Amino acid sequence: MKSPKPTLLLHQVFVFLIISLVAILPNPILSKTQLQPLSLKHLEGCRKGQTVKGLQEVKNYLKKFGYTNAVANINDYHHVHEDDNKFDDVLESEIKAYQLNYNLDVNGKLDTSTLEQMMLPRCGVPDIDNNGESSMRWNHYYGGRMGLNFKFFDGKPKWPPSKYNLTYKFTLDGTETEIDVQTLSSVCARAFATWAAVSHFQFREVGEGEHADIFIGFRRGAHGDGHPFDGAGGKIVAHAFHPTDGRLHYDADENWGTDPASDEIDLESVTLHEIGHILGLGHTSDEEAVMFPTIGHGETKRQLASDDINGVQTLYA
Ligand SMILES: [Zn+2]
Ligand SMILES: [Zn+2]
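Residues numbered from 1 in each chain as written. Chains lettered and ligands numbered in written order. Predicted model: local features only at pLDDT ≥ 70, side-chain atom pairs only at ≥ 80, totals over all residues. Heavy atoms only, no water.

Draft legend 1. A look at the pattern of salt bridges. Enumeration according to the criterion identifies 13 salt bridges in this entry. One salt bridge connects Asp 173 with Arg 219, and the closest N-O pair in it is separated by 3.2 Å. Residue Asp 173 is located in the loop between strand S2 (165–170) and helix H8 (181–196), and its partner Arg 219 is located in strand S4 (residues 214–219); the two are separated by 46 residues in the primary sequence. On the accessibility criterion, Asp 173 (60% relative accessible area) is exposed. In this structure Arg 219 comes out as buried when scored by relative accessible area, which is 9%. A salt bridge links Arg 302 to Asp 266; its shortest N-O distance comes to 2.7 Å. With Arg 302 in the loop between helix H9 (267–279) and helix H10 (306–315) and Asp 266 in strand S8 (residues 265–266), the pair connects residues that are 36 residues apart, well separated along the chain. Residues joined in a network through salt bridges with shared partners are Lys 41, Glu 44 and Glu 116. (Salt bridge = Lys/Arg side-chain N within 4 Å of Asp/Glu carboxyl O. Helix = DSSP H or I, 4+ residues; strand = E, 2+ residues; numbered from the N terminus. Buried < 20%, exposed > 50% of the residue type's maximum accessible area, 1.4 Å probe, protein only.)

Laid out in structure tokens, this is it:
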């Protein structure tokens, strides 16, 4: 046997050193990657009748965003979601409702575009509420409730006219992020101004000790409101409550940006979306609209679409 050439040996030593260095050095990018949720890619092409590891993730996802309520409503029974990896009838119906809401081919299968849509960062507010009500496309097909109320939360909660001048403050609770409070303040001021320009509302930041209607802050994991965040790279990036609650929370573990790089979430776009919920708007299936539930990394959506403007103007007409 020939001994390896010296240049090849040197090359091997170099590669070994690089690998060792990467393994030893603390690397914040690597530690974020480790927290990525289970990729759903391998479920592509799954269909009814199959049992495949990972399908439970899809069931949990659909349950979390209200799709179990959709199916209960259609079939007029209260189905308890099977906590397993079996692709059953219920899962197929839920996938169809999801595909309707996201303007996908309604085939009840886990095709590429459906899985890609599910893996996008999104708002934590469910697409379908506990009563099976939705402000998205699904309701048009199965709920038979087409009409002006399709953009709102069930019961159309809204702020009374005496509250058209809303005040907001930041409640950071010691949760540390890369976004400082001055940056957060100017981002929120811009997002509030965008909504103020098309509605009756005016918004003003207030300080410590003053009365506020809206409370904004970063939170991490379970944070006391019954809707825990899911960590770095998790699907949920923020959530807010409908009127007149006023709470708006961002997941502190996400990679936030104000001029977002391809691995960052745009803080202003998400703020604009969550203020929509604060004002009483639900999710829409209009992909141009700010109230569409998902946002890609590096994507910005800082202007309201006609669907958003129609929504707020109809609710407060
Ligand atoms: Zn939302
Ligand atoms: Zn929260």
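Draft legend 2. Representation of the coordination of the zinc ion (ligand 2) in the model. Protein-derived coordination of the zinc ion (ligand 2) comes from His 223 (NE2), Asp 225 (OD), His 239 (NE2) and His 249 (ND1), at a distance range of 1.9 to 2.0 Å. The coordination sphere of the zinc ion (ligand 2) comprises four donor atoms, whose angles at the metal cover 97 to 117°; the geometry is tetrahedral. The sequence motif formed by the donor residues of the zinc ion (ligand 2) is H-x1-D-x13-H-x9-H. Of this pair, His 239 sits in strand S5 (residues 236–240) while His 249 sits in strand S6 (residues 247–251), and the two are 10 residues apart along the sequence. For the pair formed by His 239 and His 249, the shared burial category is buried. (Donors = N, O, S within 2.8 Å, 3.2 Å for Na, K, Ca; no water. Tetrahedral: all angles 85-135°; square planar, octahedral: opposite > 155°, others 65-115°.)

Draft legend 3. Seen up close, the UniProt feature "active site" (unreviewed entry) in the chain. The sites that carry the UniProt feature "active site" (unreviewed entry) are, in the present numbering, Glu 274. For Glu 274, a relative accessible area of 1% corresponds to the buried category. If we skip the residues at most four places from it in the chain, Glu 274 touches Cys 123, Ala 238, His 239, Ala 240 and Leu 248. (UniProt positions renumbered as here; feature names shortened; annotations may be inferred. Contact = heavy atoms within 4.5 Å.)

Draft legend 4. Highlighting the coordination of the zinc ion (ligand 1). Of the protein atoms, only Cys 123 (SG), His 273 (NE2), His 277 (NE2) and His 283 (NE2) coordinate the zinc ion (ligand 1), at distances of 2.0 to 2.2 Å. Taken together, the four donor atoms coordinating the zinc ion (ligand 1) span angles of 102 to 115° at the metal, a pattern that classifies the geometry as tetrahedral. Written as a sequence motif, the donor arrangement for the zinc ion (ligand 1) is C-x149-H-x3-H-x5-H. With Cys 123 in strand S1 (residues 122–123) and His 283 in the loop between H9 and H10, the pair connects residues that are 160 residues apart, well separated along the chain.

Draft legend 5. Expanded view of the UniProt feature "binding site: Ca(2+) 3" (unreviewed entry) in the chain. Following the UniProt record, the feature "binding site: Ca(2+) 3" (unreviewed entry) maps to Asp 230, Gly 231, Asp 251 and Glu 254 here. For this annotated set, covering 25 residues, all C-alpha atoms fall within 9.3 Å of each other, a compact arrangement in space. With respect to the element layout, Asp 251 can be found in strand S6. Beyond its immediate chain neighbours, meaning those up to four positions away, Asp 251 contacts Arg 219, Phe 229, Asp 230, Gly 231, Ile 236, Val 237, Ala 238 and Trp 256. Mapped onto the elements, Glu 254 comes out in the loop between S6 and strand S7 (256–257).

Draft legend 6. View of the environment of Thr 314. Residue position: Thr 314 is located in helix H10. Relative accessible area serves as the criterion here: at 30%, Thr 314 is assigned to the partly exposed category. As a C-alpha pair, Thr 314 and Phe 152 span 162 residues in sequence and 9.8 Å in three-dimensional space. Of the polar contacts made by the side chain of Thr 314, one reaches the backbone oxygen of Asn 310; its length is 2.5 Å. (Polar contact = N/O pair within 3.5 Å; in protein donor to acceptor, adjacent residues only side chain to side chain.)

Draft legend 7. Summary view of the packing of helix H3 (residues 55–64) against helix H5 (residues 89–101). Contact pair H3 / H5: the axes reach a minimum separation of 11 Å and the direction vectors enclose 55°. In terms of orientation, H3 lies oblique with respect to H5. In terms of crossing hand, the pair formed by H3 and H5 is left-handed. Contacts between H3 and H5 involve Leu 55, Val 58, Lys 59, Tyr 61 and Leu 62 on the former and, on the latter, Leu 91, Glu 94, Ile 95 and Tyr 98. Its residues placed into classes, the contact of H3 with H5 shows seven nonpolar, no polar and two charged. (Axes fitted to C-alpha atoms, helices over the stretch in contact; angles between N-to-C directions. Parallel < 35°, antiparallel > 145°, perpendicular 65-115°, else oblique. Left-handed = near helix turned anticlockwise from the far one by under 90°. Nonpolar A, V, L, I, M, F, W, Y, C, P; charged D, E, K, R; others polar.)

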